[in-house]
Amino acid sequence: MKTAKLAKSYRIDDGKHFRLKDFDPADTGLWDSPESAAEKLQKDIARMADLQNKLYAQDRWAILLIFQAMDAAGKDGTIKHVMSGVNPEGVQVHSFKAPSEVELQHDFLWRTTRHLPERGHIGIFNRSYYEEVLVVRVHSKLLENERIPSSLVTKNIWDERFEDIRCFERHMERNGTVIRKFFLHVSKQEQKRRFLARLEEPKKNWKFSAADIHEREYWDDYQQAYEEMIRHTARKHAPWYVIPADNKWFTHLVIAAAIVETLEDLGVAYPEVSPGKRRELQAARKLLEKK
């Protein structure tokens, strides 16, 4: 399967009619095993490294990759695995947990805006401003911590936040930041299996948190929140990719393909050397050859 075809199968450019139930968390496309996909994944990781070097050298575009998911869907491992071949100097990774007291004193976009990638770089948000229409929506009492004037907290607040996010992402796109958003779609059964593995395997005990079990009780609420989020914020310039996450090897394969496709579409290339610069390089060569 070609890289572009693989990625586009899970891309949502217009969420108007999006339904989460139409996407199978256990889907593996035309691939039947990790072994069958391994060579393709390694080629894409190598291709990504080459394209990232050109992105960095060209210094015009910035890439923002956003990862959202339920607990145990594999965000951390995906970021580590898929980005294993890129130059760390050109990548900036930020994980967003519960907001700090300082962050709560600002608007909901403030804490993430401060960490947007600079030109020539790939920025990765492990969770993001989308938490404000996910966990804050499921646990609406969290809005009280944000100290928003009560007159502004109306029944329309989620629609207003969707609008704010759409405008923000359009602004970023118009200024050279390409946004790609990944929802790692894991099933409730697979999440349970992974939680049990964290309990049963000593080397994974550190990953377990009782809070994860508590959040699992709100599974249906989160599924509805994710569906609404994608429906209202999937746009051609800032698409969502709904990635099957029950099989981690396939998750890695699709996300790597999507990133390669994005970089290829930009046509990134090493800057052309001007005649003056070329003369300077030739002079430097002659000088070095004399010594």
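Before reading further, recall that the structure is shown in the block above.
In this text, all values refer to a predicted model and were calculated from it rather than measured experimentally.

Calculation criteria
- Residues numbered from 1 in each chain as written.
- Predicted model: local features only at pLDDT ≥ 70, side-chain atom pairs only at ≥ 80, totals over all residues.
- Heavy atoms only, no water.
- Patch = residues over 30% accessible without salt bridge, like charges linked within 9 Å, V, L, I, M, F, W, Y side chains within 5 Å.
- Areas by Shrake-Rupley, 256 points an atom, 1.4 Å probe, with all protein chains shown as cover.
- Salt bridge = Lys/Arg side-chain N within 4 Å of Asp/Glu carboxyl O.
- Lys, Arg positive; Asp, Glu negative; His and termini not counted.
- Charge placed at Lys NZ, Arg CZ, Asp CG, Glu CD.
- Helix = DSSP H or I, 4+ residues; strand = E, 2+ residues; numbered from the N terminus.
- Buried < 20%, exposed > 50% of the residue type's maximum accessible area, 1.4 Å probe, protein only.
- 1 Å grid on protein atoms, 1.4 Å probe; cavity = no way out; pocket = protein on both sides within 12 Å on 5 of 7 lines; lining within 4 Å.
- Points joined across faces, edges and corners; volume = space filled by probe spheres on them.
- Nonpolar A, V, L, I, M, F, W, Y, C, P; charged D, E, K, R; others polar.
- Pairing = 2+ DSSP bridges.
- Contact = heavy atoms within 4.5 Å.
- Arc of directions from axis to C-beta.
- Expected span 1.5 Å × (residues − 1).
- Phe/Tyr/Trp six-rings, centres within 6.5 Å; stacked < 30°, edge-to-face > 60°.
- Lys NZ or Arg CZ within 6 Å of the ring centre and 35° of its normal.

## Observations concerning a negative patch on the surface
1) Next: A cluster of like negative charges, contributed by Asp107, Asp159, Glu160, Glu163 and Asp164, occupies part of the molecular surface.
2) Next: Relative to the assigned elements, Asp107 resides in the loop between β3 (91-95) and α4 (110-113).
3) Next: Judged by relative accessible area, Asp107 falls into the partly exposed class, the value being 49%.

## Notes on the layout of surface pockets
1) Next: Looking at the largest pocket, its volume works out to about 1,300 Å³.
2) Next: Lining the largest pocket are 45 residues, and of these Asp71, Lys75, Lys97, Arg127 and Asp212 lie nearest its centre.
3) Next: Contributions of two or more residues to the lining of the largest pocket are made by α3 (75-82), α5 (135-138), α7 (188-200), α8 (210-216), α9 (219-233) and α10 (248-266).
4) Next: Counting residues per element, the lining of the largest pocket draws most heavily on α7, at five residues.
5) Next: Along the lines of polarity and charge, the residues of the lining of the largest pocket split into 17 nonpolar, 10 polar and 18 charged.
6) Next: For the second largest pocket, the calculated volume is near 270 Å³.
7) Next: Contributing elements (two or more residues each) for the lining of the second largest pocket: α4 and α6 (157-174).
8) Next: When grouped by side-chain class, the residues that make up the lining of the second largest pocket number six nonpolar, four polar and eight charged.

## Quick notes on the pairing of strand β2 (residues 62-69)
1) Next: Within β2, eight of the eight residues are buried, which leaves the element mostly enclosed by the surrounding structure.
2) Next: By the alternation rule, side chains of β2 split into Ala62, Leu64, Ile66 and Gln68 and Ile63, Leu65, Phe67 and Ala69, which are all buried.
3) Next: Bridge analysis of β2 against strand β5 (residues 177-185) gives eight bridges, and the strand direction is parallel. Residue pairing for β5: Ile63 is matched across the bridge by Val178.
4) Next: In terms of strand pairing, β2 meets strand β4 (residues 122-126) through five bridges, oriented parallel. When the sheet's bridge partners are listed, Leu64 is paired in β4 with Gly123.

## Details of the environment of Gly90
1) Next: Note on placement: Gly90 falls in the loop between α3 and β3.
2) Next: Sequence-wise, Gly90 and Leu55 are 35 residues apart; in three dimensions their C-alpha atoms are separated by 8.8 Å.
3) Next: Filtering out sequence-adjacent residues up to four positions away, Gly90 remains in contact with Gln52, Tyr56, Gly120, His121 and Ile122.

## Here we look at unusual backbone geometry
1) Next: Although it is not a glycine, Ala72 sits at a positive phi angle of roughly 75 degrees.
2) Next: Along the chain, the position of Ala72 falls in the loop between β2 and α3.
3) Next: Relative accessible area serves as the criterion here: at 11%, Ala72 is assigned to the buried category.
4) Next: Positive phi, normally seen in glycine, also occurs at Arg127, with a value near 70 degrees.
5) Next: Within the secondary structure, Arg127 is located in the loop between β4 and α5.

## Here we look at α3
1) Next: Of the positions making up α3, those classed as buried are Lys75, Thr78, Ile79 and Val82. The arc that holds the buried residues of α3, viewed along the axis, is 95 degrees, so those residues lie on one side. Opposite the packed face of α3, turned more than 90 degrees from it, sit the exposed residues Asp76 and Lys80.
2) Next: Where α3 is buried, its residues meet α2 (34-58), β2, β4, β5 and α10.

## A few points about α6
1) Next: An ideal rise of 1.5 Å per residue puts 26 Å on 18 residues; α6 measures up with 26 Å between its terminal C-alpha atoms.
2) Next: Listed in full, the buried residues belonging to α6 are Ile157, Trp158, Arg161, Phe162, Ile165, Phe168, Glu169 and Met172. The buried residues of α6 occupy an angular sector of 140 degrees when projected down its axis, which confines them to one face.
3) Next: The secondary structure elements touched by the buried residues of α6 are α4, α5, β5 and α9.

## Considering the sheet that holds strand β6 (residues 240-244)
Strands pair in a sheet through their backbones, by hydrogen bonds, and they do so in one of two ways: parallel or antiparallel.
1) Next: Spatially, six strands are ordered β1-β6-β5-β2-β4-β3 in an open sheet, and the strand pairing comes out mixed. Of all strands in the sheet, those with a lone pairing partner are β1 (11-12) and β3, marking the two edges.

## Some thoughts on the packing of aromatic side chains
1) Next: Per the counting criterion, the structure on display carries 10 aromatic pairs.
2) Next: Considering the side-chain rings of Phe182 and Tyr241, the 5.2 Å spacing of their centres and the 25 degrees angle between planes classify their relative orientation as stacked. Highlighted residues: Phe182 in strand β5 and Tyr241 in strand β6, separated in sequence by 59 residues.
3) Next: Centroid distance Phe183 to Tyr226: 4.4 Å. Interplanar angle 25 degrees. Geometry classified as stacked. With Phe183 in strand β5 and Tyr226 in helix α9, this residue pair connects regions lying 43 residues apart in the sequence. Here the two residues Phe183 and Tyr226 agree in accessibility, since each one is buried.
4) Next: Cluster of aromatic residues (ring-pair linked, three or more members): Tyr129, Tyr130, Phe168 and Trp240.
5) Next: Across from the ring centre of Phe108, 4.6 Å away, lies the NZ or CZ of Arg161, which sits over that ring.

In short, shape yes, function no, at least from these values alone.
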